[in-house]
Amino acid sequence: RAIAMSVSHSSRLNKLVREQYMRLPQDGLVQVTYVWIDGSGEGVRCKSRTLDKEPKSIEDVPEWNFDGSSTAQAEGSNSDMFLVPVRMFRDPFCLDPNKLVLCEVLKYNRKPAETNLRHTCKKVMDLVKESHPWFGMEQEYTLLGINGHPYGWPDNGFPGPQGPYYCGVGADKVYGRDIVESHYKACLYAGVKICGTNAEVMPSQWEFQVGPCEGIEMGDHLWMARFILHRVCEDFGVVATLDPKPMTGNWNGAGCHTNYSTEEMRREGGLKHIEAAIEKLSKRHDYHICVYDPRGGRDNSRRLTGHHETSNIFEFSAGVANRGASIRIPRQVGQDGYGYFEDRRPAANCDPYAVTEAIMRTTVLNETGVETKDYADH
């Protein structure tokens, strides 16, 4: 009874009845679901429309609009916002030929909305494209019951201490694997570059990895993977939270560790370029902390305590195979002398566009200080 009470009402609807309708033919028409980031900078919204033929490229998907006053992105007196399609995926919920389309949001004057961080990220990635930056982001998240309590935890208590849960197997060690495996398959179907998943240190906490992606592709694929996660969780009646510290006390927080390399880092002798990039990052720690969560570092201050496999938010550190450092160089990379490094500071609820843009500004464009340069006129 306790488990039944922790899921949403809509998840208890008869899914076999739904399947009867999902099998109906579409007679050449196509459902396209537009997905965008709302005014919180963390939430995603969506709505769907019918096209008279299957779009073969993103150019075939028309711009659309929505009521920005209902997403904290506009005033009611001037509420129309533009949805500009930027990347298309297969729809794992309505199946082929239907599509999911990630969109940028523009205001009435065609300028990017405040939470449209893709716009400047794209400019920066275009500037640094010759360095061929690759990213892989490790998205941690926590499953909650509809009551806000971690899914599978005792109603009036806590599970046993951390230890047996990381990459665990067994009904007493992991909760919600059905959701995780469904999300994985849905991402593969959609064309999202998901590359792995595992149970995390805190029970009911999981991680999936997206990458390697080059440039702007990283943010596009991670945001769509997040949308698909929330949509899968909706079917199962639970909630996925990206809160960086969902449970206070002696429990791990949730990050979005970001693996990064340029072409010269991936070549023989690349370790010296990795070390040079880390040196640049060490001198700009405050700037990165400010953009590594949606609240200027306040969310991360609950997570980056120096405990539970994190660095201290006030200090920059780097080391080989050190999960308590700001930057970790994998042991294999240290041995090979080339490869990539991992920035462990980004919070689970970071905007991947902001994170990848910041890394490129510091390590390739050689920006310093807390101010960023505007390259619009160059």
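Residues numbered from 1 in each chain as written. Predicted model: local features only at pLDDT ≥ 70, side-chain atom pairs only at ≥ 80, totals over all residues. Heavy atoms only, no water.

## Remarks on the overall build of the protein
Stated formally: Comment: elements are numbered from the N terminus, with helices defined as DSSP H or I runs of at least four residues and strands as E runs of at least two. Based on C-alpha atoms, the radius of gyration is set beside the globule rule, defined as 2.2 Å times the residue count to the power 0.38. With a 1.4 Å probe rolled over the protein chains alone, any residue whose accessible area is under 20% of its type maximum counts as buried; one over 50% counts as exposed, and the rest are partly exposed.
Assigned secondary structure in the protein consists of eleven helices and 13 strands. What you see for the protein is a C-alpha radius of gyration of 21 Å, in line with the 21 Å of a compact globule of 378 residues. Projected onto its principal axes, the C-alpha positions of the protein cover 60 × 55 × 40 Å. For the protein, the proportion of its 378 residues judged to be buried stands at 51%.

## Considerations on the domain arrangement of the protein
Keep this limit in mind: Boundaries of every domain are those given by an automatic assignment or by a domain database. Buried area counts how much accessible surface, traced with a 1.4 Å probe, disappears from two parts once they are put together, with both parts' losses summed. Here, a salt bridge means any Lys or Arg side-chain nitrogen found within 4 Å of an Asp or Glu carboxyl oxygen. Polar contact is defined as a pair of N or O atoms within 3.5 Å, subject to the rule that within protein one atom must be able to donate a hydrogen and the other to accept it, and that residues adjacent in sequence are counted only when both atoms are side-chain atoms. Just so you know the grouping, Ala, Val, Leu, Ile, Met, Phe, Trp, Tyr, Cys and Pro go in nonpolar, Asp, Glu, Lys and Arg go in charged, and all remaining residues, Gly too, go in polar.
Per the domain assignment, the segments making up the protein are domain 1 (9-115) and domain 2 (125-364). For domain 1 and domain 2, the distance between their C-alpha centres works out to 26 Å. Between domain 1 and domain 2 lies a buried interface of about 2000 Å² when both sides are counted; carbon and sulfur atoms form 66% of it. When the area that domain 1 buries against domain 2 is broken down by residue, the three leading residues are E42, F89 and F93, summing to 31%. At the boundary of domain 1 with domain 2, the tally comes to two salt bridges. Among the ionic pairs, R87 bridges to D220, the shortest N-O distance being 2.7 Å. Applying the counting rule to domain 1 against domain 2 returns six residue pairs in polar contact (both at pLDDT 80 or more). Residue assignment for the side of domain 1 that touches domain 2 shows that the elements contributing at least two residues are α2 (15-22), β1 (30-37), β2 (44-51), β4 (80-90) and β5 (99-106). The residue inventory of the side of domain 1 that touches domain 2, partitioned by class, reads eleven nonpolar, three polar and seven charged.

## A word on the pattern of salt bridges
Scanning the model with the defined rule gives 26 salt bridges in all. Residues joined by salt bridges that share partners form a network here, namely E42, D243, R295, D299 and R302.

## Structural notes on the sheet that holds β5
Filter applied, for reference: Whether two strands pair comes down to DSSP finding at least two bridges between them. Convention adopted: a line fitted to C-alpha atoms gives each axis, helices being fitted over their contacting stretch, and angles between N-to-C directions are expressed from 0 to 180 degrees. By definition in these notes, contact holds between two residues if any of their heavy atoms fall within 4.5 Å.
Strand order in this open sheet of five strands is β2-β1-β5-β4-β3, and the pairing throughout is mixed. This sheet does not close on itself; its edge strands, each paired only once, are β2 and β3 (64-67). Each strand axis lies, on average, 40° off the axis of its neighbour in the sheet, ignoring direction. Packing against the sheet, helix α5 (residues 217-236) makes contact with β1, β2, β4 and β5, and its axis sits at approximately 115° to β5.

## Focus: the UniProt feature "domain: GS beta-grasp" (unreviewed entry) in the protein
The condition that has to hold: UniProt positions are given in the numbering used here, feature names are shortened, and annotations may be inferred rather than shown by experiment.
Mapped onto this numbering, the UniProt entry gives "domain: GS beta-grasp" (unreviewed entry) at residues 30-110. Secondary structure within residues 30-110 divides into 0% helix and 48% strand; the distance between the first and last C-alpha atoms comes to 28 Å.

## Digging into the layout of surface pockets
Quick note on the threshold: For cavity detection a 1 Å grid was placed over the protein atoms alone, and a set of points counts as a cavity when a 1.4 Å probe fits there but cannot get out; an open set counts as a pocket when protein lies on both sides within 12 Å along at least five of seven lines, with lining residues being those that have an atom within 4 Å of a point. Grid points are joined across faces, edges and corners, and a volume is the space filled by probe spheres set on the points.
Quantified by volume, the largest pocket comes out at close to 450 Å³. Lining the largest pocket are 25 residues, and of these L117, T120, V291, A354 and E357 sit closest to its centre. Within the residue set of the lining of the largest pocket, elements represented by two or more residues are α3 (118-127), α8 (285-291) and α11 (352-363). With four residues, the single largest contributor to the lining of the largest pocket is α11. Counting only domains with at least three residues in the lining of the largest pocket, you end up with domain 1 (9-115) and domain 2 (125-364). By volume, the second largest pocket is sized at about 350 Å³.

## Remarks on α3
The following threshold applies: Note that the arc is defined by the directions from the helix axis to the C-beta atoms.
Restricting attention to buried positions, one finds in α3 the residues R118, C121, V124 and M125. Mapping the buried residues of α3 onto a view down its axis gives an arc of 125°, with all of them on the same face. On its buried face, α3 sits against β4, β5, β6 (134-144), α5 and α11.

## Here's the deal with α11
In plain terms, the rule: In this scheme, a helix's expected span is set at 1.5 Å multiplied by one less than its residue total.
Compared with an ideal rise of 1.5 Å per residue, which puts twelve residues at 16 Å, α11 spans 16 Å between its outermost C-alpha atoms and is within 8% of the ideal. The element α11 is largely enclosed, with a buried count of twelve among its twelve residues. Turning to α11, its buried residues number three or more, namely P352, Y353, A354, V355, T356, E357, A358, I359, M360, R361, T362 and T363. For α11, the N-terminal cap is D351; the gap from its side-chain oxygen to the backbone nitrogen of Y353 is 2.8 Å.

## Describing the pairing of strand β7 (residues 194-199)
Pairing of β7 with strand β8 (residues 205-214) involves five bridges; the strand directions are antiparallel. Opposite N198, over in β8, you have E207 as the bridge partner. The antiparallel pairing of β7 with β8 creates a hairpin that spans five residues between the two strands, and S204 there sits at a positive phi of about 75°.

## A few points about the nonpolar core
What counts here: As used here, the term nonpolar core means buried Ala, Val, Leu, Ile, Met, Phe, Trp, Tyr and Cys residues forming a set that is joined through side-chain atoms within 4.5 Å.
Y141, L143, M224, I228 and F341 are the most contacted members of the largest nonpolar core, which totals 71 residues. Ranked by residues supplied to this core, first place goes to α5 with ten residues. Summarising the domain contributions, this core has at least three residues from each of domain 1 (9-115) and domain 2 (125-364). The residues touching Y141, leaving out its near neighbours within four places in the chain, are V180, S204, Q205, W206, E207, F208, L229, A240, T241 and L242. Of all hydrophobic cores here, the second largest spans 15 residues; its members include V30, W36, V61 and F66.

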